[in-house]
Amino acid sequence: MNNLQLYLRLIRFSLRSQLAYRTSFILQTLGQFVVTWMEFVAVWALLNRFGHIKGWTLAEVCFFYGTVNATFAIADAISRGFDQFGNMVRSGEFDRLLLRPRSTVLQLLGQELTLRRAGRFIQAMVVLGIGVAALPHTATASNVALFTWTVATGVCLFLGILIIQATICFWTVESIEMMNVLTYGGVFTAQYPITIYQDWLQKLFFYVVPLACVAYIPVLGLLGKNQQMGYGILHIWLAPLAGPLFLLVALRIWDFGVRRYCSTG
């Protein structure tokens, strides 16, 4: 059995176990949907009060909000194993993964596909739809392809951040909450155009954690504002490559951590 077949089998088992309790699944998904709407109310209230933020309208912010939250929902759903990795290190459960003749990354990715994250994804797509409906542009094949590319590369970026967070657990499990600045904090930051922030924060999300490359530059292309902001067609297609590259770096850091892991036993 190859890695893809094994991963799909693990995911099938995960889905079957979650759907065994349908009422719980529905309530958890609904809860995610409602909570994320509460977050969006703050965005709406801000734009409704002032009309725009440095020239960005509510419809355009809806586009940013929907894109980044849909992306994070997918990454969060497939990375549950890495998100809970600190508990595995603390309990010694990671030792069992090392004894199996498969990649630890594959095993952690296949640990759970968190279905309740569908609530966040659906809410993000609704907000995105509101933005699209209010903006004067049409859905072309090129825009659909660019949006798909943006989401895929954004998933790689968020997955890379979560892998780095998990890697830190090889040395400490007490201070990994600081990584939430880059995960949940990064999502909150990317809900708005990056140009509204101070220069040092823009540089952080362009060059250190390239969230702006996967959630700002390509969205400019989708909004038809890339030329206005100084980005050509190559920029909006090539900038998102920072997401997969970041993931590759995160995987190398993960391998470094695994080689230096000392069992809790």
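Refer to the preceding data block for the structure.
What comes next concerns the included structure. (Residues numbered from 1 in each chain as written. Predicted model: local features only at pLDDT ≥ 70, side-chain atom pairs only at ≥ 80, totals over all residues. Heavy atoms only, no water.)

## Remarks on the environment of V214
Then comes step 1: Relative to the assigned elements, V214 resides in helix α12 (residues 211-215).
Then comes step 2: Residue classification places V214 among the buried residues on the basis of a relative accessible area of 3%.
Then comes step 3: Here the alpha-carbon distance between V214 and I194, two residues 20 residues apart in the chain, equals 11 Å.
Then comes step 4: For V214, the residues in contact, after removing those within four places along its chain, are T150, T153, G154, L157, P240 and G243. (Helix = DSSP H or I, 4+ residues; strand = E, 2+ residues; numbered from the N terminus. Buried < 20%, exposed > 50% of the residue type's maximum accessible area, 1.4 Å probe, protein only. Contact = heavy atoms within 4.5 Å.)

## Quick word on the side chain of T71
Then comes step 1: Relative to the assigned elements, T71 resides in helix α3 (residues 58-78).
Then comes step 2: The buried category is assigned to T71, whose relative accessible area is 4%.
Then comes step 3: Setting aside residues no more than four positions away along its own chain, T71 makes contact with V151, G154, V155 and F158.

## Side note on the nonpolar core
Then comes step 1: Grouped together as the largest cluster of nonpolar side chains are 73 residues, with contacts concentrated most on F85, Y216 and W254.
Then comes step 2: Examining the composition of this core, we find that 12 residues originate from one element, helix α9 (residues 141-168), more than from any other. (Core = buried A, V, L, I, M, F, W, Y, C linked by side-chain atoms within 4.5 Å.)

## Description of unusual backbone geometry
A negative phi angle characterises most non-glycine residues, just as the trans form characterises most peptide bonds.
Then comes step 1: Residue K54 is not a glycine yet carries a positive backbone phi of 50°.
Then comes step 2: Tracing the backbone through its elements, the reader meets K54 in the loop between α2 (22-50) and α3.

## Comments concerning helix α8 (residues 118-134)
Then comes step 1: Look at α8: 24 Å from first C-alpha to last across 17 residues, which is about the 24 Å you get at 1.5 Å a residue.
Then comes step 2: Taken together, the buried positions of α8 are G119, R120, Q123, A124, V127, L128 and G131.
Then comes step 3: Summarising the contacts, the buried residues of α8 are in contact with α2, α3, α9 and α10 (184-190). (Expected span 1.5 Å × (residues − 1).)

## Some details on the packing of aromatic side chains
Then comes step 1: Overall, the coordinates contain 20 aromatic pairs when judged by the stated rule.
Then comes step 2: An angle of 65° between the planes, with centres 5.1 Å apart, marks the rings of F40 and Y65 as edge-to-face. With a gap of 25 residues between them, F40 in helix α2 and Y65 in helix α3 connect regions that are remote in the sequence.
Then comes step 3: Overall, Y65 belongs to the buried group, its relative accessible area being 0%.
Then comes step 4: Members of the aromatic cluster, each reached through a chain of ring pairs, are F82, F85, F94, F170, W171, W254, F256 and Y261.
Then comes step 5: Across the ring face of W56, the terminal group of K225 is positioned such that the distance to the ring centre comes to 4.0 Å. (Phe/Tyr/Trp six-rings, centres within 6.5 Å; stacked < 30°, edge-to-face > 60°. Lys NZ or Arg CZ within 6 Å of the ring centre and 35° of its normal.)

## Examining the environment of R252
Then comes step 1: Of note, R252 is situated in helix α15 (residues 242-259).
Then comes step 2: Owing to a relative accessible area of 63%, R252 belongs among the exposed residues under this scheme.
Then comes step 3: For the pair R252 and A77, spaced 175 residues apart in sequence, the C-alpha separation works out to 22 Å.

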